2 protein chains.
Amino acid sequence: MTVDEAALVDLCDTWIRSRQHVGPKHLSEPAPDEPTLRALFAAAAAAPDHAQLRPWRFLVLGPAARERLSEVFAQALLARDPTAQPYQMDEARQKAFRGPVLILAVVDLRAEHADVPPMERVFSLGAAVQNLLLAAQARGFASGLSSGRALQSPVLRQAFDLAEGEHALCFISLGTPTRHKTPRQRPGVDDFVRWI
Amino acid sequence: MTVDEAALVDLCDTWIRSRQHVGPKHLSEPAPDEPTLRALFAAAAAAPDHAQLRPWRFLVLGPAARERLSEVFAQALLARDPTAQPYQMDEARQKAFRGPVLILAVVDLRAEHADVPPMERVFSLGAAVQNLLLAAQARGFASGLSSGRALQSPVLRQAFDLAEGEHALCFISLGTPTRHKTPRQRPGVDDFVRWI
């Protein structure tokens, strides 16, 4: 291995290991524009995808879709907790407006294919999203994934036209961090690997 | 963005987009040694992991474990097809010996955590494996993921001591390709992204 190759390996390792969650409320402009987002999605498209089912899709939520999402968050809260107060519903609504770029990641379990069980399809989405996050990181953008019970709510499914067999897995937020974050401690290799 | 930053982005995009499946029978030495594998697993450990459940683990299968796996493949075949012929069982056994490095990826759905549904845990494993594959790619190694019905068989679960709530998701093979592969066609961004 030449020095340059070793430097490249270091760069890639650092790049992968240093990516960490930044919550949407700590993300602001500058954020990826549409051409940049297209490049990030092209990275996502390179994920392992058994039998080429492409079992996922993404919705990039613009201003009108975020308005809709804010109502979804409020209604999903009310459905889980009929005693929710107006200020709590307002808090729920505000979550739809955090972070400059907001994307909904959807897994598609509809295709009939005996060799590709549902878990493999969700696995493929995880790989696709990781590619997207790393491509964003390479461009100097930070990212956060968020989820929550609203993702499974009928009101969200209806608002975003999810088909039966599709499931909203998480939101992806992208932008520039507004504050420094301490590097996250990761599990040690011996905690999760066995040589047998 | 300076020219150097643009070059770095190109490098990362090319790296992510050019990674593609190479089947275990087309992988040979040189392959990652143990220190290299530890670096790849450290990359895997940086995957998004909601609530830090670390809902996955990996088994690196050495020669004795591959012997055991070969018997698993033969017995799993016989369980699905009691008329399987000896030559077919031998073919099934041979699959356990393909490729210089063989790793079993396991998702762990046992932890109780209402905020992290099973799909998020499988998603996390997909992200972890993608990190591992990209870290291998940075070092000039190729990789393949493989699955199949044997992964769900009781005989495999028993041979590798999977707990109830753990599921073997796929095998990861690593090494050096023995032949050139045509770049894989990937889905176009407009096939799976909507701006709404």
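Above this note sits the structure.
Here, residues in each chain are numbered from 1, in the same order as that chain's written sequence. Chains and ligands are labelled sequentially in the order written, the chains with letters from A and the ligands with numbers from 1. Owing to the predicted nature of the model, reporting of local features is limited to residues with pLDDT of at least 70; listing and counting of side-chain atom pairs is limited to 80 or more, with chain, interface and lining totals taken over all residues. To obtain the side-chain values, all non-hydrogen atoms of the structure were used and water was disregarded.

### Brief notes about the relation of the copies chain B and chain A
Alright, step 1. The atoms used to superpose the copies are C-alpha atoms, taken from residues with pLDDT of at least 70 in both, and the fit is least squares. Its rotation angle being 180°, the transformation that places chain B on chain A also includes 0.0 Å of axial translation and leaves an RMSD of 0.0 Å. On this basis, the relationship between the two copies can be described by a two-fold rotation axis.
Alright, step 2. The contact criterion used throughout is that any non-hydrogen atoms of two residues lie within 4.5 Å. Taken together, the interface assignments show that 100% of the residues at the interface of chain B recur at the interface of chain A, consistent with an identical surface on both copies.

### Things to note about helix α5 (residues 118–138) of chain A
Alright, step 1. Taking 1.5 Å per residue, 21 residues should reach 30 Å; α5(A) reaches 31 Å between its end C-alpha atoms and fits that length.
Alright, step 2. Helix and strand definitions follow DSSP, with helices as H or I runs of at least four residues and strands as E runs of at least two, each counted in order from the N terminus. Note on α5(A): the residue one or two positions beyond its end, A:Gly140, has a positive phi of about 85°. For a helix, the expected span equals 1.5 Å multiplied by the residue count minus one.

### Quick look at a positive patch on the surface
Residue and element names in this part refer to chain A.
Alright, step 1. On the surface, a cluster of positive charge is contributed by Lys 25, Arg 80, Lys 95, Arg 149, Arg 179 and Lys 181.
Alright, step 2. For Arg 80, the location among the structural elements is in helix α3 (residues 63–80).
Alright, step 3. Classification of Arg 80 by relative accessible area gives partly exposed; the value is 43%. Note that patches include only residues with greater than 30% relative accessible area and no salt bridge, and the join distances are 9 Å for like charges and 5 Å for nonpolar side chains (Val, Leu, Ile, Met, Phe, Trp, Tyr). Working definition of accessibility: Shrake-Rupley area with a 1.4 Å probe, residue cover restricted to the visible protein chains. Salt bridge, as applied in this entry: a Lys or Arg side-chain nitrogen positioned within 4 Å of an Asp or Glu carboxyl oxygen. We treat Lys and Arg as the positive residues and Asp and Glu as the negative residues; His and chain ends play no part in the count. For charged residues, the charge sits on one atom: NZ in Lys, CZ in Arg, CG in Asp, CD in Glu. Per-residue accessibility, obtained with a 1.4 Å probe over protein chains only, is compared with the maximum for each type, and a residue is labelled buried under 20%, exposed over 50%, and partly exposed between these values.

### Side note on the interface of chain B and chain A
Alright, step 1. Every contact between the two is made by 70 residues of chain B and, on the other side, 70 residues of chain A.
Alright, step 2. The quantity reported as buried area is the accessible area (1.4 Å probe) lost by two parts once they are put together, taken as the sum for both. Here chain B packs against chain A, burying approximately 6,300 Å² in sum over the two surfaces, 65% of which is carbon and sulfur.
Alright, step 3. On the chain B side of the interface with chain A, the three residues burying the most area are B:Phe123, B:Phe192 and B:Ile196, jointly 13% of the side's total.
Alright, step 4. Counting across the chain B and chain A interface gives four salt bridges.
Alright, step 5. Across the pair A:Asp13 and B:Arg139 runs a salt bridge, and its minimum N-O distance is 2.5 Å.
Alright, step 6. In protein, a polar contact means a hydrogen-donor-capable atom and an acceptor-capable atom, both N or O and within 3.5 Å, with residues adjacent in sequence counting only if both atoms are side-chain atoms; elsewhere, any N or O pair within 3.5 Å suffices. Summed over the shared surface of chain B and chain A, the result is 27 residue pairs in polar contact (both at pLDDT 80 or more).

### Some remarks on a nonpolar patch on the surface
Alright, step 1. Taken together, the side chains of A:Leu11, B:Leu8 and B:Leu11 present a nonpolar region at the surface, about 210 Å² in accessible area.
Alright, step 2. Here A:Leu11 is to be found in helix α1 (residues 3–18).
Alright, step 3. Taking the relative accessible area as the measure of exposure, A:Leu11 reaches 35% and is therefore partly exposed.

### Some thoughts on the packing of helix α2 (residues 34–44) of chain A against α5(A)
A pair of packed helices is characterised by two quantities: the angle between their axes and the separation of those axes.
Residue and element names in this part refer to chain A.
Alright, step 1. To obtain each axis, a line is fitted to C-alpha atoms, and for helices this fit is confined to the stretch in contact; angles are then taken between N-to-C directions over 0 to 180 degrees. α5 packs onto α2 with a crossing angle of 140° between their chain directions and a minimal axis gap of 7 Å. As far as their axial angle goes, α5 and α2 are oblique. α5 is crossed by α2, and the crossing has right-handed handedness. Each of Leu 40, Phe 41, Ala 43 and Ala 44 in α2 lies in contact with α5, whose residues at this interface are Ala 128, Asn 131, Leu 132, Ala 135 and Ala 136. Working definition: roughly parallel below 35 degrees, roughly antiparallel above 145 degrees, roughly perpendicular at 65 to 115 degrees, and oblique for all remaining angles. Handedness of a crossing follows from how the near helix is turned relative to the far one, being left-handed for an anticlockwise turn of less than a right angle and right-handed for a clockwise one.

### Regarding the side chain of A:Gln130
Alright, step 1. With respect to the element layout, A:Gln130 can be found in helix α5.
Alright, step 2. For A:Gln130, a relative accessible area of 1% translates into the label buried.

### A short note on the pattern of salt bridges
Residues and elements named next belong to chain A.
Alright, step 1. One pass over the structure, following the stated rule, counts 18 salt bridges over all chains.
Alright, step 2. The residue Arg 38 makes a salt bridge to Glu 34 at a minimum N-O spacing of 3.7 Å. Taken together, the positions of Arg 38 and Glu 34, both in helix α2 and four residues apart, correspond to about one turn of that helix.
Alright, step 3. Arg 38 sits in the partly exposed class, given a relative accessible area of 27%.
Alright, step 4. By relative accessible area, Glu 34 is classed as partly exposed at 41%.
Alright, step 5. Ionic contacts of the salt-bridge type, sharing partners, join the residues Arg 57, Asp 108, Arg 110 and Glu 166 into one network.

### Re the side chain of B:Thr36
Residue and element names in this part refer to chain B.
Alright, step 1. Assignment of secondary structure puts Thr 36 in helix α2 (residues 34–44).
Alright, step 2. Taking relative accessible area as the criterion, Thr 36 reaches 18% and is therefore assigned buried.
Alright, step 3. There is a polar contact of 2.6 Å between the side chain of Thr 36 and the side chain of Asp 33.

### With respect to the nonpolar core
Alright, step 1. Counting residues in hydrophobic clusters, the biggest one holds 78 residues, and the most contacted among them are A:Phe41, A:Phe58, A:Ile172, B:Phe41, B:Phe58 and B:Ile172.
Alright, step 2. Residues contacting A:Phe58, with those up to four places away along its chain left out, are A:Phe41, A:Ile103, A:Leu104, A:Ala105, A:Leu125, A:Val129, A:Ile172, B:Phe192, B:Val193 and B:Arg194. Take the buried Ala, Val, Leu, Ile, Met, Phe, Trp, Tyr and Cys residues and link them wherever side-chain atoms come within 4.5 Å; each set so joined is a nonpolar core.

### Considering the pairing of strand β3 (residues 101–108) of chain A
Residues and elements named next belong to chain A.
Alright, step 1. Where burial is concerned, most of β3 is hidden: eight out of the eight residues are buried.
Alright, step 2. The side-chain alternation of β3 yields two buried faces, one formed by Val 101, Ile 103, Ala 105 and Val 107 and the other by Leu 102, Leu 104, Val 106 and Asp 108.
Alright, step 3. In short, DSSP must find at least two bridges between two strands for them to pair. Relative to strand β5 (residues 166–177), β3 runs antiparallel, the two being bridged by eight bridges. Across the sheet, Val 106 pairs through a bridge with Ala 168, a residue of β5.

### With respect to the packing of α3(A) against helix α4 (residues 86–94) of chain A
Residues and elements named next belong to chain A.
Alright, step 1. Between α3 and α4, the least distance of the axes is 7 Å, while the angle of their chain directions is 140°. As far as their axial angle goes, α4 and α3 are oblique. Where α3 crosses over α4, the two elements pack in a sense that is right-handed. When α3 is examined against α4, the residues Ser 70, Glu 71, Phe 73, Ala 74, Gln 75, Leu 77 and Leu 78 are found in contact with a partner set consisting of Gln 88, Met 89, Ala 92 and Arg 93.
Alright, step 2. In this classification, the charged set is Asp, Glu, Lys and Arg, the nonpolar set is Ala, Val, Leu, Ile, Met, Phe, Trp, Tyr, Cys and Pro, and all remaining amino acids, among them Gly, are polar. Partitioning the contact of α3 with α4 into residue classes produces six nonpolar, three polar and two charged.

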